[in-house]
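Letter by letter, the chains look like this.
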Amino acid sequence: MRTGLILTSCAALLVFAGCETSPAPSRQPVTALSDHRPVPILRNEPLNDPGLTQLGVMLINSRAELEQRAPQAQALAEMEVDFAAESLLVLCLGERPTGGYWVRITGVQHDAAANALYVQGVANEPGPEAMVTQALTYPCDAAVIPKVRAAAVHPEIDSRTDMPLP
C-alpha cells in the first residue's frame, strides 16, 4: 500500500515539477547525454518544514524569489545562500502522514543548449513494519549549487522503501 503511495507521489512529482518550474517545454529533439554538464552540489540540508507543503522541485535564484515561492518556509529562509554566486535547489515530498519519509538530491546536470536542469534524487518511504513518528512531516532536501539559470527543471527521482537517511 505504502509503496503505491510513494510511487504515485514520485509520478506526481515529475508532473508537478515540470508545471511548477517552467512553462511547457517545446518539442525539441532529445540532446545527447554529452550536453549535460555536472553541477557540483556545494552542500545539502535535509529539511522538515511545514512551510514546504508542495510536492515538487524548485530552482531559486534570489532572496525575493525565495520569499515569493516559499513564503512560509522558515528553514529555507534561515539558510545562508549567496544568491549572487549560488542557486538554491529544493526537492520536496509534500505533506506525509508519519516520519520515516525522506528525500535527497544526489546529482544535478545542466544542459545549456536545452536551457534545462536535470535533478537526480532518492525518495524514501518507511517500510510497513517501521517504527516511525506519528505526526505529519514535510520531507525536503535543499541543495546549494553554483549559480545556474534554467527554463525547465526535470526531476529524476528513484523511489526506495525503508532505507536509512544517507
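Refer to the preceding data block for the structure.
Residues numbered from 1 in each chain as written. Predicted model: local features only at pLDDT ≥ 70, side-chain atom pairs only at ≥ 80, totals over all residues. Heavy atoms only, no water.

### Some details on the environment of serine 87
At step 1: Mapped onto the fold, serine 87 is located in strand β4 (residues 86–93).
At step 2: C-alpha separation for the pair serine 87 and alanine 143, spaced 56 residues apart in sequence, amounts to 8.4 Å.
At step 3: Excluding its chain neighbours within four sequence positions, the residues that come into contact with serine 87 are Leu59, Ile60, Asn61, Ala143, Val144, Ile145, Pro146, Lys147 and Val148.
At step 4: Engagement of the side chain of serine 87 in a polar contact is seen with the backbone nitrogen of valine 148, the distance being 3.1 Å. (Helix = DSSP H or I, 4+ residues; strand = E, 2+ residues; numbered from the N terminus. Contact = heavy atoms within 4.5 Å. Polar contact = N/O pair within 3.5 Å; in protein donor to acceptor, adjacent residues only side chain to side chain.)

### Quick look at the sheet that holds strand β2 (residues 43–48)
At step 1: The 4 strands lie next to each other as β2-β7-β4-β3, forming an open sheet whose pairing is antiparallel. The open sheet has two edge strands, β2 and β3 (55–60), and neither has a second partner. Sheet twist, expressed as the mean angle between neighbouring strand axes with direction ignored, is 15°.
At step 2: In terms of strand pairing, β2 meets strand β7 (residues 139–146) through 6 bridges, oriented antiparallel. (Pairing = 2+ DSSP bridges. Axes fitted to C-alpha atoms, helices over the stretch in contact; angles between N-to-C directions.)

### Quick notes on the sheet that holds strand β1 (residues 36–38)
At step 1: Judged by pairing direction, the sheet is mixed, and its 4 strands sit side by side in the order β1-β5-β6-β8 without closing on themselves. Unpaired on one side and paired on the other, β1 and β8 (152–161) mark the two borders of the sheet. Between one strand axis and the next, the sheet turns through 30° on average, direction left out of account.
At step 2: Sheet analysis places strand β6 (residues 116–125) next to β8, joined by 10 bridges and oriented parallel. Residue pairing for β8: valine 119 is matched across the bridge by proline 155.

### Regarding the pattern of salt bridges
At step 1: If you walk through the whole model with that rule in mind, you get 3 salt bridges.
At step 2: The partner of glutamate 86 in a salt bridge is arginine 43, with the nearest N and O atoms 3.7 Å apart. Of this pair, glutamate 86 sits in strand β4 while arginine 43 sits in strand β2, and the two are 43 residues apart along the sequence.
At step 3: Assessed through its relative accessible area of 14%, glutamate 86 is described here as buried.
At step 4: Classification of arginine 43 as partly exposed rests on a relative accessible area of 35%.
At step 5: When the shortest N-O distance is used, the salt bridge between arginine 104 and aspartate 141 registers 3.6 Å. Of the two residues, arginine 104 sits in strand β5 (residues 102–111) while aspartate 141 sits in strand β7, which places them 37 residues apart along the sequence.
At step 6: Exposure remark for aspartate 141: the relative accessible area of 0% places this residue in the buried category. (Salt bridge = Lys/Arg side-chain N within 4 Å of Asp/Glu carboxyl O. Buried < 20%, exposed > 50% of the residue type's maximum accessible area, 1.4 Å probe, protein only.)

Note that all results are geometric; they support no functional claim without further evidence.
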